[in-house]
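Reading the structure
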Amino acid sequence: MTSLPATAPVKKLGLVIDLDTCVGCHACAVNCKEWNTGGEMAPLTDMDPYGAEPEGVWFNRVHGYEAGDGANGRTVHFPRSCLHCETPACVTVCPTGASYKREEDGIVLVDEDKCIGCKLCSWACPYGAREFDETVGVMKKCTLCVDRIYNETIPEAERVPACVSTCPASARHFGDLGDPNSDVSKLVAERGGYDLAPEFDYKPTNKYLPPRERMPSAPAAAEAAGEPQGLLKWVDRMLSI
Amino acid sequence: MNPAPSVIFFTTLSGLGYGLAFWLAIARAFGAVPADTPWFGAISLGAALALLSAGLLSSTAHLGHPERAWRAFSQWRTSWLSREGVAAVVTFVPLGLLWLAWMLGATGGIWALVALVGAALALITVYCTGMIYQSLKPIQAWATGWTTPIYLLFALMTGAHAVAALAAWFGYGASWQAGAALILTVVLAISKFMYWRSVDTATPFSTPESATGLGRFGRVRQLEAPHVTENYITREMGFKVARKHAAKLRMIVYAIGFGIPALVAMLMLISGPSALLATIGILAAMVGAIAERWLFFAEAKHAVMNFYGER
């Protein structure tokens, strides 16, 4: 059913992505591709994989941005994937019932056996989360690694999405954003986690943590503290011996 | 948005079919065409049914799994695409019955009622088509109150020119046909002008700054794209048309799509129905409708392109 769950899911599994610590290595995207090409939504088809114009289905795409100018400008690495929205239009526009939002944990999934490949869901998503598989003829998307997080055949520590398990900078966090006492909810509260494109009012579950305020540089900090600089600093140091 | 030919032909041809069916049904319901005209009924309403069937079939051409299209009738509670599918199938019932009755020369009040139901359902189906596009918030140029009225006006306008041409061929031409065609062409031209003016001057609903949340630092530019070649998203949503080509096509819509049909309808109002003039009118109107529908897709920017730093 493409109606949203009658009662909004209490449990809201999702990701918290720290834009301050993300180093832009694309490991999350690669491990996602590796796991999911054999997982729930398999295969993640590649076209022309060894040719000049390789392209294929990925659930995670890492952009790099420059924001602002001059001393206050930032370079930000920015992973983009499905945000498992609370009111996802991709689900309600689906004519077949292939797209659905799970009542038990809020994960948005596609039933590949029901999808007719009309692509309307991808038009309804402002986040570019859904990618059409030309070869299989159905829409594909992030499953939040539903086949890992509940998988009792793998060690408990590995029951997190593939992107989270592989991140070398610990910039990706997984948990229940519906529980205000969960680690991820606390992280969001502490760091001012925010929604992407809130103007659409799809209420994304995933949150992004903004780059932290700059630490003042050492000379600027010293100056602010009223300490002498340059030659005076040297004289001061010589006389203080 | 990528202007896929299957969707452009689907929406323009089925729009023409529903518009033609609407006018024929209305004419039958109110006795504006004689009932004992089996050949005219068979061919004109048959053409309408063939056009909307062809349109519906061509819409399945862009599906990844056309054989599963029947599933699309199930989610009418939330999905305008599903509602359109249901409405399209239901509309076949009164229009198909009317077609048979017309061919068999059946008369009587019940057929006027069937005709009215068919006319209403034809408009409801086109309304659903328009709402599919209008309900998509990420495409700002579509999510306006203009989208659905313009879909309806195109169906009614092309349908009126088509009924004028078919009636003239069979010798049932009348001034109400040219009059309806003229009024609708003028109203549509004004609506389209106002629509284009409103989308050209609209402030963006979503920007690279709001999409990424990095606007707090200032203007956002994409430094590195996630992929070096195209992908589904950039091909489907990132289609861009050169400004000068768009301007030229808009002129084609105004001149061929609205100018010629309006002129032809006016001439027929003055000098009486003419099969030749009316045929020119409907052909020009369809060229305009296809150009307009191509622009409707090609000029529309999708919000996901904000993540690729496009404004």
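Anyway, here's the lowdown on the structure attached to this text. This is a predicted model, so every value here is computed, not measured.

**What to know about the overall build of chain B**
A count of helices and strands for chain B gives 10 helices and one strand. In sequence order, chain B lays out its α and β elements as α-α-α-α-α-α-α-β-α-α-α. Relative to a compact globule of 311 residues, whose C-alpha radius of gyration would be 19 Å, chain B shows 21 Å and is just as compact. Each principal axis of the C-alpha distribution contributes one length, and for chain B these read about 75 × 45 × 30 Å. Per-residue burial for chain B yields a buried fraction of 50% across its 311 residues. If you take every contact in chain B between residues at least 6 apart in sequence, the share linking residues at least 24 apart comes to 79%.

**Structural notes on the overall build of chain A**
Scanning chain A from terminus to terminus reveals eight helices and 11 strands. Relative to the compact-globule value of 18 Å for 241 residues, chain A shows a C-alpha radius of gyration of 22 Å, a clear excess of over 25%. With the C-alpha coordinates aligned to their principal axes, the bounding extent of chain A is approximately 80 × 50 × 40 Å. In chain A, buried positions account for 46% of the 241 residues.

**Quick notes on helix H9 (residues 243–271) of chain B**
Residue and element names in this part refer to chain B. Between its first and last C-alpha, H9 extends 41 Å over 29 residues, near the 42 Å set by a 1.5 Å rise per residue. At glycine 259, H9 is bent by approximately 30°, the largest bend along its length, and proline proline 261 sits one to four residues beyond. Those residues of H9 not exposed but buried are Val253, Gly257, Phe258, Pro261, Ala262, Val264, Ala265 and Met268. In this structure, the buried residues of H9 make contact with helix H5 (147–170), helix H6 (175–201) and helix H10 (275–298). Glycine 272, located one to two residues past H9, shows a positive phi value of around 95°.

**Some remarks on the packing of helix H3 (residues 80–103) of chain B against helix H4 (residues 109–134) of chain B**
Residues and elements named next belong to chain B. For the pair H3 and H4, interaxial distance at closest approach is 8 Å and the crossing angle is 155°. Relative to H4, the element H3 is oriented roughly antiparallel. Crossing of H3 over H4 shows left-handed handedness. Tallied by class, residues from the contact of H3 with H4 come to 20 nonpolar, four polar and two charged.

**Observations concerning the interface of chain A and chain B**
With 53 residues of chain A in contact, the opposing surface of chain B contributes 47 residues. Listing elements by their share of the side of chain A that touches chain B, those giving two or more residues are strand E4 (60–67), strand E5 (74–81), helix H2 (89–92), helix H3 (120–124) and strand E8 (131–133) of chain A. By residue number, the principal contributor to the side of chain A that touches chain B is E4(A), which donates seven residues. When the residues that make up the side of chain A that touches chain B are grouped by side-chain class, the tally is 27 nonpolar, 15 polar and 11 charged. Strand direction decides the pairing type here: E4(A) and strand E1 (residues 220–224) of chain B, joined by four bridges, are antiparallel. Among the inter-strand pairings, Gly64(A) is bridged to a residue of E1(B), identified as Glu224(B).

**Focus: the sheet that holds E5(A)**
Strands sit in the order E5(A)-E4(A)-E1(B) across an open sheet of three strands; the sheet is antiparallel. Each edge of the open sheet carries a strand with a single partner, namely E5 of chain A together with E1 of chain B. On average, each strand axis in the sheet is inclined to that of its neighbour by 40°, with strand direction left out of account. For E4(A) and E5(A), the ladder comprises eight bridges, and the chain directions are antiparallel. Within the sheet, the bridge partner assigned to Asn60(A) lies in E5(A) and is Ser81(A).

**Thoughts on unusual backbone geometry**
All names here are of chain A. A cis amide bond links alanine 42 to the next residue, proline 43, at an omega of -10°. In this fold, proline 43 is placed in the loop between helix H1 (27–36) and strand E2 (46–47). In this model, leucine 144 sits at a positive phi of 55°, which is unusual for a non-glycine residue. Here leucine 144 is to be found in the loop between strand E9 (138–140) and helix H4 (146–149). For serine 170, which is not glycine, the phi torsion reads 50° and is therefore positive. As for its placement among the helices and strands, serine 170 is situated in the loop between helix H5 (162–166) and strand E10 (172–176). With 10 C-beta atoms counted inside 10 Å, the residue serine 170 sits in the exposed group.

**Description of helix H1 (residues 5–29) of chain B**
All names here are of chain B. The end-to-end C-alpha separation of H1 is 35 Å, in line with the 36 Å expected for 25 residues at 1.5 Å each. For H1, a buried count of 21 out of 25 residues is recorded, marking the element as mostly surrounded by other parts of the structure. In the segment just after H1, glycine 31 is the residue with positive phi, at about 70°.

**With respect to the pairing of E10(A)**
Residue and element names in this part refer to chain A. Most of E10 sits out of view: four of its five residues are buried. Pairing between strand E1 (residues 13–18) and E10: five bridges, direction antiparallel. In the sheet register, valine 16 faces E10, and the bridge partner there is histidine 173.

**Remarks on the sheet that holds E10(A)**
Residues and elements named next belong to chain A. Taken in spatial order, the three strands of this open sheet run E10-E1-E11, and their pairing is mixed. Looking at strand neighbours, the two that pair on one side only are E10 and strand E11 (207–209), the edges of this open sheet. Averaged over all neighbouring strand pairs, the angle between strand axes comes to 25°, with direction disregarded. Helix-sheet contacts for helix H6 (residues 183–191) involve E1, E10 and E11, and the interaxial angle to E10 is about 120°.

**Observations regarding the packing of H9(B) against H10(B)**
All names here are of chain B. Taken N-terminus to C-terminus, the directions of H9 and H10 make an angle of 155°; their axes are 8 Å apart at the nearest point. Judged by the angle between their axes, H9 and H10 are roughly antiparallel. Crossing of H9 against H10: the hand is left-handed. Here the residues of the contact of H9 with H10 are counted per class, giving 21 nonpolar, three polar and two charged.

About the cut-offs
Counting from 1, residues in each chain are numbered in the order their sequence is written. Here chains are named by letter from A upward and ligands by number from 1 upward, in the order in which they appear as written. Owing to the predicted nature of the model, reporting of local features is limited to residues with pLDDT of at least 70; listing and counting of side-chain atom pairs is limited to 80 or more, with chain, interface and lining totals taken over all residues. Working definition: helices are DSSP H or I runs of at least four residues, strands are E runs of at least two. Numbering for both runs from the N terminus. C-alpha atoms define the radius of gyration in this analysis, and the globule rule sets the expected value at 2.2 Å times the number of residues to the power 0.38. Neighbour density around each residue's C-beta defines its exposure: 20 or more other C-beta atoms within 10 Å make it buried, 12 or fewer make it exposed, and counts between make it partly exposed, where C-beta atoms are placed from the backbone. Here, residues touch in the contact sense if the C-beta positions derived from the backbone fall within 7 Å of one another. Multiplying 1.5 Å by the helix residue count minus one yields the expected span of that helix. What we call the bend at a residue is the angle made by axes fitted to the seven residues finishing there and the seven residues starting there. Axis angles are defined between N-to-C directions and span 0 to 180 degrees, where every axis is a line fitted to C-alpha atoms and, for a helix, only to the segment in contact. Throughout, the term roughly parallel applies to angles under 35 degrees, roughly antiparallel to angles over 145, roughly perpendicular to angles from 65 to 115, and oblique to all others. Helix crossings are classified by the rotation of the near helix relative to the far one: an anticlockwise turn of less than a right angle makes the crossing left-handed, while a clockwise turn makes it right-handed. In this classification, Asp, Glu, Lys and Arg are treated as charged, Ala, Val, Leu, Ile, Met, Phe, Trp, Tyr, Cys and Pro as nonpolar, and every other residue, Gly included, as polar. Two strands make a pair as long as DSSP finds a minimum of two bridges between them.

All quantities given are derived from atomic positions and should not be read as evidence of function.
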